[in-house]
Structure formats: C-alpha cells, structure tokens
Amino acid sequence: MSKIKDASLATQGLAKIEWASREMPVLNEIRKRFEKEKPLKGIRIAACLHVTKETAVLMRTLKAGGAEVALCGSNPLSTQDDVAAALAKEMPVFAIRGIDSKGYYECLNSTLDTKPHITMDDGADLINTLHSKRRELIGNVIAGQEETTTGVIRLKAMAAEGKLEYPVIAVNDTPTKHLFDNRYGTGQSTLDGIIRATDTLIAGKNFVVAGYGWCGRGFAMRARGMGAKVIVTEIDEVKALEAHMDGFRVMPMKEAAKIGDVFVTATGCKDVVTVEHVKLMKMGAILANTGHFDVEVAVKEIRSLGKTREIRPEVEEVSVGEKKIYILAGGRLVNLACASGHPSEVMDMSFSDQALCSEYIAKEMKGKNLEKKVYDVPAKIDAEVAKLKLKAFGVSIDKLTPEQEKYLNSWSEGT
Ligand code: ADE
C-alpha cells in the first residue's frame, strides 16, 4: 500500500516521532480532544507535506480525530525515511528521500487515489496535480489547506484567473503560523542546515540574504546573532527600508555578489542568484536556498560554468576557472535537506492550525456553497492556538477590566 524506502527503519522513526511529540503540547491537547469527539469521522485527507517527525505528529492527530489520512512528501529531498517507515505502519505513506521527479509525482497521484475530501499542501503540488491531471476528483473535495507562502501565492493567482475550483484556507498567512514558523523556524533551521552541511564558521562572515519576508527576516536575525555581517537584497521598497532600519546593509545582488561569503535565498522567486552573480563572487562562496522551490539559485546554469563534484554530502563544488563555488542541496530547501527542518516547538503551532482548520472544514465548510477562493484562517483558531501555546510555556497575561473594554469600544473620551 505505502511506498517508502525501508520498513526496517520504523523503530528509529518511532523514537523520533516520540521525541517531536514531547515538544508539541498544543497539538497533543488537540489530539486528546479529537480522540473523544472524532470531529473528522468520515473525512478523507490527502496531505502533501515534508515527511518529518513533526508532520507525523500532525498525521496521528488527524487520524485520532477519525480521519482517513494518506501522506506524500512535498519535496524530493525533505523526507525522513525512518519517519516515513514508522508512519507507514499506521496509514498509507508515499515518500522516499532522493526520489526522482517521475517517482515524486507517482507518490502524489497515489495519495490522490484515496479520493480526498480535504487536500493539505505545502507548496500547492497536490492542488496543482488535482486541477490539471486528476480533475475527476475535484467534485469530492470540500476544501484545501496551504502551509507555505509560495503555495498561497500560486493559489491566489489561480483564484484570480478563476481557475481555483474549491475553497482553500491559507494556513501560512495566519499570525500563529508565519510569525513563528517562517521567522523563528526558518531562521534557526536554515542556519542549522548550512552549519551541518559545511561546518563553516558564522562569526565574521558576510552573509547575503535575498528577500526580507518573514523567512528572510528570521534568518538575517539569527545569522547576525552568531556574528555574521548580514547584507539584505530586496525588490520591495518597504521591506528594503525595514531591513535598513533593522541595521542591515541593503544593496543590489550584483554588489552583494562581490562581498558575500554565504548566500541564502528566501524570496519565492526564480533566478535570484544567477551565473552573472557567480562570476562576480569570491573564491569559496557558498550558495543555499531556503525558499520552497529549487528555482531561486539558477543551479543548472551555474553547473554549466565548469566541472562539478560532490565534496561532502549535499555540498557540490563547481569550478569556475580557478574559482570554486559551493552549492548546498542542489538549490533545494537547505533547512530540510541538510538539517531536520524547523524545531518541533514551532511546528506545534503551524500544525495545530492545520488540525483545527481540518476540523473547521469538516464542521463548518462542508455542505456550504462557498466561494472558490483563498480564505484566511478563522481568527478564533489563531487565538485558540496562541492561548494554548502560552499555557504550555507557563506564560500568563493580563485581562482587560470592564472599564478598559468600555474605553476601547468608545470614541467619546479624549484629552
Ligand atoms: N517545514 C519546515 N520545517 C518543517 C518540519 N519540521 N516539518 C514539516 N514541515 C516543515
């Protein structure tokens, strides 16, 4: 039924899932409630997510809620094969690390074969395949969920062209997701991926961060925290201004190319680091991407500049004349390909949002003739996740007095 690398890795995978679970208190609380209430009974969910220990905790939560769940990977290099093996004992899993493009789409299609009522995407590949090649399944779907910025951008483009055929909730866009996952998750896991792959010293290095969205902000902050001199490149005036006032140097990539030791793309766009930039770079420059797709660093063109060899796992050396340039993870997500993705404590919030949105779809969107557009996560879900996370951290906060509440709702009191 499943397609995984090696079933004998299950014991190791199970230990990893247990390790993640201890740091996911909000999701555990939701799972306990789901076990009792079964809000997802009769619902089939097809998920296309990075197959990690944290994703496994989400999948188990959905199953505890009564859903029938099938999972495939959302990137060929992010699957943790031991986790996939453990999870395959409990549900269909179609994911193998290092799988080729044909195999990747076969996995997606196997997941769709379960005829989902809910699609859960990280990068919109499932929705894309469903809308382009598996249109016969569209009628079964109540709604979809999208986990990442790149996916949300694509879905909004589909909706604008009238091509989106069912409602989708943009989980990425809700504050308890992007303020934490994109910022603190990407910030830490990207640095972790670069260090694990290269063992390079961060302190004193010139880091060039392309893109000052939540992921770029988080990474720039963490790299600076370890002593890097951080340069930001942007195409958006407001974000560039923000980076400048946050104390980073801001300049075009053509200038940054001459100075940088380590380049990290976090833009969601293509051709951010190209051959033209590589030609300007210093000996030994390291190129990494932390955006969803492997299009931000023009890897194919850069490889064509000279001989290439794998000098360490996921570190590819390209000889450009006398100069050596190093590409990490073939330009794929460095945080998942070279490290283990975001820490469990951060994924706790993102995946609690996903679990509660699945419940919302099953209870409140089912049977309604909703507009085929991208929806925000309901505010009550965001508030619930924040409340439970604060409780788990042992943090308490103030409450408005009735007088304060009245004041905030009035306009008559002034100086
Ligand atoms: N995206 C980034 N980090 C992740 C993780 N640990 N699990 C699933 N998806 C992720």
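All residue numbers refer to position in the chain's written sequence, counted from 1. Where totals are concerned, whole chains, interfaces and linings use all residues; where local detail is concerned, this predicted model gives features only for residues with pLDDT of at least 70, and gives and counts side-chain atom pairs only at 80 or more. Each side-chain value is worked out from all heavy atoms of the structure, with water and hydrogens disregarded.

A.B. asks: Explain the overall build of the protein to me, using residue names and the numbers behind them.
C.D. replies: Elements are defined by DSSP. Helices are runs of H or I of four residues or more, strands are runs of E of two residues or more, and each kind is numbered from the N terminus. Along the protein, the regular secondary structure elements total 17 helices and 15 strands. For 415 residues, the compact-globule formula gives about 22 Å, and the C-alpha radius of gyration of the protein, at 22 Å, lands near that figure. Across its three principal directions, the C-alpha atoms of the protein cover 70 × 65 × 45 Å. Relative accessibility thresholds used throughout: buried, under 20% of the residue-type maximum; exposed, over 50%; partly exposed, between the two (1.4 Å probe, protein chains only). Here the protein, with 415 residues, has 54% of them falling under the buried criterion. When the accessible surface of the protein is split by element, carbon and sulfur atoms take 53% of a total near 18,900 Å². Asp and Glu are treated as the negative residues and Lys and Arg as the positive ones, with His and the ends of the chain left uncounted. Throughout, a charge is located at the NZ atom of Lys, the CZ atom of Arg, the CG atom of Asp or the CD atom of Glu. If you average the places of the 58 positive and of the 56 negative side-chain charges in the protein, the two averages end up 2 Å apart. We compute the radius of gyration from the C-alpha atoms alone; for a globule the expected value is 2.2 Å times N to the 0.38, where N is the number of residues. Calculation of accessible area relied on Shrake-Rupley with a 1.4 Å probe; when residues are assessed, cover is drawn exclusively from the protein chains displayed.

A.B. asks: Lay out the layout of surface pockets with the relevant residues and their values.
C.D. replies: Buriedness of a pocket was judged along seven lines, with at least five required to meet protein on both sides within 12 Å; pockets are open sets of points on a 1 Å grid over the protein atoms alone, cavities are sets where a 1.4 Å probe fits but cannot get out, and lining residues have an atom within 4 Å of a point. Grid points are joined across faces, edges and corners, and a volume is the space filled by probe spheres set on the points. The calculated volume of the second largest pocket comes to roughly 250 Å³. Every residue lining the second largest pocket is listed: Glu29, Ile30, Arg33, Leu356, Glu359, Tyr360, Lys363, Glu364, Lys380, Ile381, Glu384 and Leu388. Of all the secondary structure elements, the ones that give two or more residues to the lining of the second largest pocket are α2 (25-37), α15 (344-365) and α16 (379-393). The element that contributes the greatest number of residues to the lining of the second largest pocket is α15, accounting for 5 residues. Grouping the amino acids of the lining of the second largest pocket by side-chain chemistry returns 5 nonpolar, no polar and 7 charged. Under this grouping Gly is polar, as are all residues other than the nonpolar Ala, Val, Leu, Ile, Met, Phe, Trp, Tyr, Cys and Pro and the charged Asp, Glu, Lys and Arg.

A.B. asks: Kindly report on the sheet that holds strand β15 (residues 374-375), identifying the contributing residues and their values.
C.D. replies: The 7 strands are arranged β3-β2-β1-β4-β5-β6-β15 in an open sheet whose pairing can be described as parallel. One side of each edge strand has no neighbouring strand; the edge strands of this open sheet are β3 (93-94) and β15. In terms of strand pairing, strand β5 (residues 143-146) meets strand β6 (residues 168-170) through 3 bridges, oriented parallel. Directly across from Gln145, in β6, lies its bridge partner Ile169. Residue contacts are defined here by distance: any two heavy atoms, one from each residue, within 4.5 Å place the two residues in contact. Every axis corresponds to a line fitted to the C-alpha atoms, with the helix fit spanning only the stretch in contact, and the corresponding angles, defined between N-to-C directions, vary from 0 to 180 degrees. Across the face of the sheet, helix α5 (residues 101-112) comes into contact with β1 (44-48), β2 (68-72) and β3 while running at roughly 175 degrees to β2. The strands touched by helix α6 (residues 125-132) are β1, β2, β4 (118-121) and β6; relative to β4, the strand with the most contacts, the crossing angle is about 130 degrees. In short, DSSP must find at least two bridges between two strands for them to pair.

A.B. asks: Lay out the site of the ligand with the relevant residues and their values.
C.D. replies: Any residue with a non-hydrogen atom lying within 4 Å of a molecule or strand is treated as near it. Taken together, His50, Thr52, Glu54, Thr55, Leu336, Ser340, Gly341, His342, Met347 and Phe351 make up all the residues around the ligand. In protein, a polar contact requires one atom able to donate a hydrogen and another able to accept it; more generally it is a pair of N or O atoms within 3.5 Å, and residues adjacent in sequence count only if both atoms are side-chain atoms. Contact distances for the ligand include 2.6 Å between a nitrogen atom and a side-chain N or O atom of Thr52. Backbone polar atom of His342 to a nitrogen atom of the ligand: 2.8 Å apart, as the coordinates give it. Listing elements by their share of the shell around the ligand, those giving two or more residues are α3 (53-64) and α15. Counted by class, the shell around the ligand contains 3 nonpolar, 6 polar and 1 charged residues.

A.B. asks: Before we move on, could you go through the packing of aromatic side chains and cite the residues and values that matter?
C.D. replies: Two aromatic rings, drawn from Phe, Tyr or Trp (for Trp, its six-membered ring), form a pair once their centres lie within 6.5 Å of each other, and the interplanar angle then sorts them: stacked below 30 degrees, edge-to-face above 60, tilted otherwise. A full pass over the atoms with the stated rule returns 4 aromatic pairs. Between Tyr212 and Phe248, the ring centres sit 5.9 Å apart and the planes meet at 65 degrees, which makes this aromatic pair edge-to-face. You can see Tyr212 sitting in the loop between β7 (206-210) and α9 (214-225) and its partner Phe248 sitting in the loop between α10 (237-245) and β9 (249-250), a full 36 residues away along the chain. This pair shows no difference in class: Tyr212 is buried, exactly as Phe248 is. We note Arg217 situated over the ring of Trp214; from NZ or CZ to the ring centre the distance is 4.2 Å. Ring-over charges, as used throughout, are those where CZ of Arg or NZ of Lys falls within 6 Å of the ring centre and within 35 degrees of the ring normal. Stacked on the ring of Tyr375, the Lys or Arg Lys373 has its end atom at 4.9 Å from the ring centre.

A.B. asks: How would you summarise the packing of α2 against α3 if you had to cite specific residues and measurements?
C.D. replies: At a closest axis distance of 8 Å, the pairing of α2 and α3 adopts a crossing angle of 20 degrees. By the angle between their directions, the pair α2 and α3 is classed as roughly parallel. Where α2 crosses over α3, the two elements pack in a sense that is left-handed. Here Leu27, Asn28, Ile30, Arg31, Phe34 and Glu35 of α2 come into contact with α3, specifically with Val57, Leu58, Arg60, Thr61 and Ala64. Considering only residue class, the contact of α2 with α3 consists of 6 nonpolar, 2 polar and 3 charged. The cut-offs work like this: below 35 degrees is roughly parallel, past 145 is roughly antiparallel, 65 to 115 is roughly perpendicular, and the gaps in between are oblique. Each crossing gets its hand from how the near helix is turned against the far one by less than a right angle, where anticlockwise is left-handed and clockwise is right-handed.

A.B. asks: Can you lay out unusual backbone geometry for me, pointing to particular residues and giving the numbers?
C.D. replies: With a phi close to 55 degrees, Lys115 is a non-glycine residue in the positive phi region. Relative to the helices and strands, Lys115 resides in the loop between α5 and β4.

A.B. asks: I'd like to hear about the sheet that holds strand β10 (residues 262-265), residue by residue, with values.
C.D. replies: One open sheet holds the 8 strands; their spatial order is β9-β8-β7-β10-β11-β14-β13-β12, and the pairing between them is mixed. A single partner strand is all that each edge strand has here, and the edge strands are β9 and β12 (308-312). Pairing geometry for β7 and β10, over 4 bridges, is parallel. Each bridged residue has a counterpart across the sheet, and for Val209 the counterpart in β10 is Val264.

A.B. asks: Provide a residue-level description of helix α7 (residues 149-160), including the pertinent values.
C.D. replies: When the terminal C-alpha atoms of α7 are compared, their 16 Å separation across 12 residues agrees well with the 16 Å that a helix rising 1.5 Å per residue should span. Taken together, the buried positions of α7 are occupied by Thr150, Gly151, Val152, Leu155 and Met158. What a helix is expected to span follows from its residue count: subtract one and scale by 1.5 Å.

A.B. asks: Please give an account of the nonpolar core that cites residues and values.
C.D. replies: Here the nonpolar core consists of buried residues drawn from Ala, Val, Leu, Ile, Met, Phe, Trp, Tyr and Cys, with membership extended through side-chain atoms lying within 4.5 Å. Within the largest apolar cluster, 48 residues are counted, with the highest numbers of intra-cluster contacts made by Leu40, Ile45, Leu58, Met59, Leu62, Met120 and Ile169. Judged by nonpolar contacts, the second largest core, of 27 residues, contains Ala197, Ala223, Val315 and Val334.

A.B. asks: Can you explain empty space enclosed by the protein? Please cite residues and give values.
C.D. replies: Within this structure, the stated rule accounts for 1 cavity of 30 Å³ or more. Put simply, the largest cavity is a space of about 50 Å³. The wall of the largest cavity is formed by Gly73, Asn75, Pro76, Thr79, Phe94, Ala95, Ile96, Ile99, Tyr104 and Cys107. In the lining of the largest cavity, the residues fall into 7 nonpolar, 3 polar and no charged.

A.B. asks: Could you give an account of the environment of Val250, with specific residues and numbers?
C.D. replies: Relative to the helices and strands, Val250 is located in strand β9. Look at Val250 and you get partly exposed, because its relative accessible area is 32%. Through-space distance from the C-alpha of Val250 to that of Val232 is 4.8 Å; in sequence the pair is 18 residues apart. Beyond its immediate sequence surroundings of up to four residues, Val250 is in contact with Val232, Ala240, Ala243 and His244.

Keep in mind that these numbers describe shape and distance, not what the molecule does.
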